[in-house]
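So the chains spell out like this:
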Amino acid sequence: MRSTAPCQFETKRGKNKTKSCNRDAMPQRVMFEGAGPGSQVPAHMTRVPISLIGPDADYSDKTVKVRLQRPAMCTGKVVRIGRLVSLASDNNLLKTVIQEEDSPPNASAQNPSINVVLFGGLAKDFNQAVNQGDVVVASGFTVGRSPTVHKDKLHPFNLLLSGDEARVYVCPPPPPPPPPDPRSLPADKRCSALHAEVSRATKAPKYTYSGLDALKAGSVVNAYGVVVFFKQPFKSRGTDLCSTLKITDQSNQRIACSVFGEKLENHPKVFQVGDIVRLHRFKVQFFNSSMTLVNTFGFSVLAFDGAEGGSMEPRTSSRSFHLDQEDRRTVEELRSWAAGQALLPPTPTTPLSAAQPKAYFDLTCQLLAKAPIDSTCTLLRVWDGTRCAHTLLKVTVEPDATEGPSSFSEARERLIANILVYDNHVELAGQLKPGDFLRIYNLRAIPGSSKVPGHASSHQQEEEEVDHLAFHLHGGTAYGRGIRVLPENSPDVQEMKRVMEAVPDEDDFSELNDSQLLEVWSTPPESAEAEPMECSAERSCGHDTRTVTLSDLKRSDPGLVHHVRVQLRSYEPHRLHQALKLYCSKCTSMEDVPNDELVARLFSEASEDPAPCSPPAWALSGRVAIPGERPAPPTRAVGVHLSTRLLGEDRPKELLFLSGSTLEETRRLAAGYQNVVPVRSSGGHMALLDLSAPFLFRGLKRYFGCKRCSEAAVREPVCAEGLEPIDEKVLAEALGVQLLQFVLLMKLELQDASDRLDVFLWRDAESFFGVSAEDAAANQEAQNSIRQTMASLCPAGGSTDLVSGGRPWMDLCLTAYRTEDEAGRNQTCYQICHSIITKPASTHSNANPA
DNA sequence: GTTTAGGGTTGG
C-alpha cells in the first residue's frame, strides 16, 4: 500500500478554524491521520483489493453479503464525494467512490472503483473530514450488491459502513506539486520524476486575488466571490451572450459582474445562489457609484459548489486550468464564511409537490418531452419524481409535433408538469433534449384555467380547468428567469434521481388510485346491484352416506357426517364484513376484524406520542412524502425506517417501517411497497402499534397479530441469503407476532320439507365459496363473488316457500359435533364441510325432489 | 482587444 506524505493534513485542515473537525471532539469513527495509512492502520488487518470485493472472494464462503470473517480493510483514493443526505436529525447517508491506487500488475487498464456508502454519524464525520483526492481506508464494512452497477458501471458491490465496527481512516492526498517558481529549486533537484509537474508549474502564473473591497477602476484583477444573484447566459443586444452575476466575499461588498462571450460553454456554470466563482482577468469599471467587473481577453471563470463539504471539482469547460491547494483553501474559507452569513438559500429549489399557486420558484427537473406551441411559446413536459398537490394543467398537442414520447401512462401523467416557456426562452428550449436534467429559474405557478396559444378552449374545458396549476416561464430575464441544463453528476440531480427511483412502479400506482377497494366491506347497501347468479352446491366428500332429511338428522347421534339436500332459508350476518373474523390457531380464539374507525384512532394516537423514538441500530431512518390524492391536501412527510441489510441487498422496497402516519397515509404508501409495518415510539424505543391495528400492510392486504399470544418487538427480519421473499410469515416470526388468520364465519338456516336446521359455515368456508378469506378482506372481486353466491342461494326479500320461493337445492355434507354453550350445557352443532358452490353456465333445475 | 449589461416580475 502506498504511504502518503506526512503532515499535509495538519496544515490543510488541522489549522482551519472554521472546519469542525477538531480531533478531540470528533467521534472515533473517522480518524484523521497525519501519516499515511501504511503506518496508521492496525497491522493485523488484511487488505482486500477493490477488484476482489464480492461474493467469490476467497476470504469468505458466504454469498451476496458478508461481514468479513477476519479483520479486513479496503483502501482507495476518493474520486467522488456525494452530498450528505440527511435522513433524520441524527441519521445521514453519504455515498463516495474510491478508486484503487495501485492495481495488481495484471489488472485491466483502468483502476477499479467502488461505491462506498456511509451511514449515520460516520457519514457526517466523513463529510466534514474528506476531500476529493484523499486516500481512505475502510474497515468493519459489509458488502452489498450495488443497485447502480448498470448505471455507474462501477463495482458490482458496494462497501457499506454502518454500526459500531465501521471505521474510515482519512489520509491526506499525495504531495502537491512543487512550488510554482522552478528557479527556487536547485538544479540538481529537478529530477526527472518531477519534470512534468515542474513544467506545468512554469506555465501556471502565480495569481493574486483582490478582495472585493479593494478594486481599483481601470485595473484588471483576479477575484473570488460567493454568488448572491445571477442570470443564466442570455442574448445581449450585441454579438454575445451575457451572464450577469453579483458576488460578495468576507468584505461584504456586493460587486456586479458581467461576462460576455459568444459561446455558452465559456460562461460561468453557476446553478444556484451560494455557488463560488473564481474570476481571472476581469476589468474593474466604475458604474453607478460602484465597482463592476467585466471579463477581458483571456479571462477564465471557475465555479464551485458553495456547500460546506461539497465537491472541490470546479465547473468549467476549460481543459486547462490551474487549481492548487491554496485555491481549495480559499474555496473552503468562502464556504464556511458564507454558511455563517446564511447566504445560501435554505431550499434552493422547490419540488413540484410543494409548488404553490401564484408563487415564483426554481425547479430542478427532467425533461420528458417537448413540443412547439407557436413562435413565442414552447411546451416542456417535465417531472421531478414528486406529485404536485394541485391538479396540473393538461395541454394537448399534436403527437407529430412532440419530441419525446407523446403520451405517458395515466399514473405517470399525474407526475408530469406542463411548462409553457415564452419569448426569449423559446430559442434555448429548442436546444433541449428529452432526458436532459434542467433547472428552471423563476418559474411561475399560475392557478386557474389557462389558455394556450392556438388552443382556444371551449367553455366546457375552461370549467374543467379551473384550479388547475399551470407553469409559465415568462419572457425576459428578470429575477434570473431562465433555463439551464444541469450535469447529471450534480448533487441536486443525484438527489432528484433518488426520489424518481423511489416512485412506485406504474402498476402500484394503479392500485393506489383504487383506494376505495378497502371500503367495500363496510359500504351498504349490499347486493342491491349484485346480479343474482344461478348457482347451487354439491358435495366434494367421498362419504358413502345416503341423503337424509333434516328431521332425521336431528334425531341422529352427534359425531357423524350427514348428507342433506336443502335450501338456504336465511343467514347471518347479512353484512358480509361481519362474517370476516380473525382466528388464532394457537389459542383458538376468534375475534372481529377491527373496524377502520378503531384502527384509524390507534394510528392517530400512536403518532401523537411526543416521546422521541430512537430507531434500532440496524435501521436507517428518514422521512418520506405521502403521495397526495385528489383533491389533495398538502403533502405530508412521515418517518420511515429501513433495514440497512435489505438496502445493502438492493431490496429497498421490500420492507418499510413507518412512524407518525395516519391509517389513510399508511394505506396509500403500502401500495408502493411490499411490506409496510407501522411503528410508534414507546419508552424511547420503536415499538409496534397496539395489536388491534394491523401490524403489517402488504399492498391492499392487512395482517393482524394475536394480543394474547404475541410477544411483539421491532426486529430486523433475517432472510437466508437474500433469496427468501419477505412475507407476512417471515415478518410475524421476526416481530414475535402470532399471526392471526382471516376466516369466514356464517350461520346458515337450512330448510327442507321436514325441518329447519342452523349450521355453521366456517372451516370449509373458503372452499365452499372458492374464495380465500384473506382475499375477501382486501379484494372487491372476492367480496362480490361471495355476495353473489349468497344472493343467489337466498334472494333478498324472496319467498322462503320451498316450491314457490325458487331457491336452489343444495347437496351438502354436514358434520355434527358436541360443544358446551356459555352456560356449560352440552349442545350439538353442525358445520358445512366438503361442499362447494357450483355455478352452472345456464341450465338450472328447480325441481323439488321431495 | 469593440459592443453587449448594469438584477427587482405584464403575462400568454
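All values reported here derive from a predicted model rather than from experimental measurement. (Residues numbered from 1 in each chain as written. Chains lettered and ligands numbered in written order. Predicted model: local features only at pLDDT ≥ 70, side-chain atom pairs only at ≥ 80, totals over all residues. Heavy atoms only, no water.)

1. Concerning the sheet that holds strand β13 (residues 241-248)
Hydrogen bonds between backbone groups are what pair the strands of a sheet, and the pairing can be parallel or antiparallel. Taken in spatial order, the five strands close into a barrel running β12-β13-β14-β16-β15, and their pairing is mixed. Within the sheet, the average angular offset between the axes of one strand and its neighbour, ignoring direction, is 50 degrees. Across 11 bridges, the pairing between strand β15 (residues 276-287) and strand β16 (residues 290-304) is antiparallel. Each residue of the ladder has a partner; that of Arg278, found in β16, is Leu302. Across the sheet, helix α6 (residues 325-341) lies against β12 (220-235), β13, β15 and β16, angled at about 65 degrees from β12, the strand it touches most. (Pairing = 2+ DSSP bridges. Helix = DSSP H or I, 4+ residues; strand = E, 2+ residues; numbered from the N terminus. Axes fitted to C-alpha atoms, helices over the stretch in contact; angles between N-to-C directions. Contact = heavy atoms within 4.5 Å.)

2. Notes on α6
Along its 17 residues, α6 runs 24 Å from first to last C-alpha, staying within 8% of the 24 Å computed at 1.5 Å per residue. Every buried residue of α6 is accounted for by Asp327, Val331, Glu332, Leu334, Arg335, Ser336, Trp337 and Ala338. Turning to α6, the residues buried within the fold contact β12, β13, β15 and β16. With a side-chain oxygen positioned 3.0 Å from the backbone nitrogen of Glu326, the residue opening α6 is Asp324. Trailing α6 by a residue or two, Ala342 shows a phi angle of about 55 degrees, which is positive. (Expected span 1.5 Å × (residues − 1). Buried < 20%, exposed > 50% of the residue type's maximum accessible area, 1.4 Å probe, protein only. Polar contact = N/O pair within 3.5 Å; in protein donor to acceptor, adjacent residues only side chain to side chain.)

3. Some words on the protein's contact with DNA strand B
Near DNA strand B, the surroundings consist of 30 residues, among which Phe297, Tyr360, Gly475, Tyr479 and Arg481 are the closest. Protein-adjacent atoms of DNA strand B, using a 4 Å cutoff, are sugar or phosphate at a proportion of 30%. Interatomic distance of 3.2 Å between a backbone N/O atom of Arg237 and a phosphate oxygen of DNA strand B. A distance of 3.2 Å separates a base nitrogen of DNA strand B from a polar side-chain atom of Asn442. Sorting the residues of the surface near DNA strand B by element identifies β12, β13, β14 (254-261), β15, β16 and β20 (437-447) as the ones contributing at least two each. In terms of residue class, the surface near DNA strand B is made up of 11 nonpolar, 11 polar and eight charged. (Near = heavy atom within 4 Å. Nonpolar A, V, L, I, M, F, W, Y, C, P; charged D, E, K, R; others polar.)

4. What to know about unusual backbone geometry
For the peptide bond that leads from Glu572 to Pro573, omega is -10 degrees, which places it in the cis range. Examined against the element boundaries, Pro573 turns out to sit in the loop between β25 (561-572) and β26 (580-583). Of note, the phi angle at Asp423 is positive, near 55 degrees, even though the residue is not glycine. Position of Asp423 relative to the elements: it lies in the loop between β19 (417-422) and α8 (424-430).

5. A few points about the packing of aromatic side chains
For the coordinates displayed, the defined rule picks out 10 aromatic pairs. Ring-pair connections join several aromatic residues into one group, and the members of that group are Tyr207, Tyr209 and Tyr224. For the cation-ring pair, Lys231 lies above Phe234, with the distance from its terminal atom to the ring centre recorded as 5.6 Å. Lying across the ring of Trp383, Arg412 places its NZ or CZ 4.3 Å from the centre. (Phe/Tyr/Trp six-rings, centres within 6.5 Å; stacked < 30°, edge-to-face > 60°. Lys NZ or Arg CZ within 6 Å of the ring centre and 35° of its normal.)

6. Description of the pattern of salt bridges
Applying the stated criterion across every chain yields a total of 26 salt bridges. Close ionic contact of Arg569 with Glu749 constitutes a salt bridge, the shortest N to O distance being 3.7 Å. Note that Arg569 is positioned in strand β25 and Glu749 in strand β36 (residues 746-751), a separation of 180 residues in sequence. Taking the relative accessible area as the measure of exposure, Arg569 reaches 19% and is therefore buried. Through salt bridges that share partners, Lys370, Glu403 and Lys433 make up one connected network. (Salt bridge = Lys/Arg side-chain N within 4 Å of Asp/Glu carboxyl O.)

7. Some points on the pairing of strand β21 (residues 469-473)
Summarising burial for β21: five of the five residues are buried, a large majority. Bridge count for β19 against β21 is three bridges, and the pairing is parallel. Pairing of Leu420 across the sheet is with His472, part of β21. In terms of strand pairing, β20 meets β21 through four bridges, oriented antiparallel. Looking at β21, one finds that Pro447 is bridged to Leu469.

8. Some points on the environment of Phe234
Structurally, Phe234 can be placed in strand β12. As a C-alpha pair, Phe234 and Ile483 span 249 residues in sequence and 9.9 Å in three-dimensional space. With near-sequence residues (within four places) excluded, Phe234 lies in contact with Asp240, Leu241, Cys242, Thr244 and Thr477.

9. Let's talk about the side chain of Ser659
Within the secondary structure, Ser659 sits in strand β30 (residues 656-659). With residues near it in sequence (within four places) discarded, Ser659 still touches Val638, Gly639, His641 and Val679.

10. A short note on the sheet that holds strand β27 (residues 590-592)
The three strands are arranged β27-β26-β35 in an open sheet whose pairing can be described as antiparallel. The strands lining the two open edges of the sheet, one partner per strand, are β27 and β35 (741-744). The average undirected angle you get between the axes of adjacent strands in this sheet is 40 degrees. Relative to β27, β26 runs antiparallel, the two being bridged by three bridges. Directly across from Tyr583, in β27, lies its bridge partner Met590.

11. A closer look at the packing of helix α13 (residues 596-608) against helix α15 (residues 663-670)
Geometrically, a packed helix pair is captured by the angle between its two axes and the distance between the axes. At a minimum axis separation of 8 Å, α13 and α15 run at an interaxial angle of 95 degrees. Of the possible angle classes, the one that applies to α13 and α15 is roughly perpendicular. For the pair formed by α13 and α15, the contact residues are Asp596, Val599, Ala600 and Phe603 on the first element and Leu663, Thr666 and Arg667 on the second. Of the residues assigned to the contact of α13 with α15, the class counts are four nonpolar, one polar and two charged. (Parallel < 35°, antiparallel > 145°, perpendicular 65-115°, else oblique.)

12. A look at the side chain of Glu100
Looking at the element boundaries, Glu100 is found in the loop between β6 (91-99) and β7 (113-119). At 2.7 Å, the side chain of Glu100 and the backbone nitrogen of Ile50 are in polar contact. Residues within four places of Glu100 in sequence aside, it is in contact with Arg47, Pro49, Ile50, Ser51, Thr75, Asn111 and Pro112.

13. A word on the environment of Arg623
As for its position among the elements, Arg623 is in strand β28 (residues 619-625). The class of Arg623 is exposed, set by a relative accessible area of 57%. For the pair Arg623 and Val640, spaced 17 residues apart in sequence, the C-alpha to C-alpha distance is 5.4 Å.

14. Points about the nonpolar core
Where a protein is soluble and globular, its nonpolar side chains tend to be buried together. In terms of nonpolar packing, the biggest core is built from 45 residues, with Leu748, Leu750 and Leu812 touching the most fellow members. Once residues within four sequence positions are removed from consideration, Leu812 is found in contact with Ala537, Arg539, His562, His563, Val564, Val566, Leu750, Phe768, Ile832 and Ser835. The next biggest cluster of nonpolar side chains, apart from the first, holds 32 residues, and it includes Val221, Val227, Val259 and Val301. (Core = buried A, V, L, I, M, F, W, Y, C linked by side-chain atoms within 4.5 Å.)

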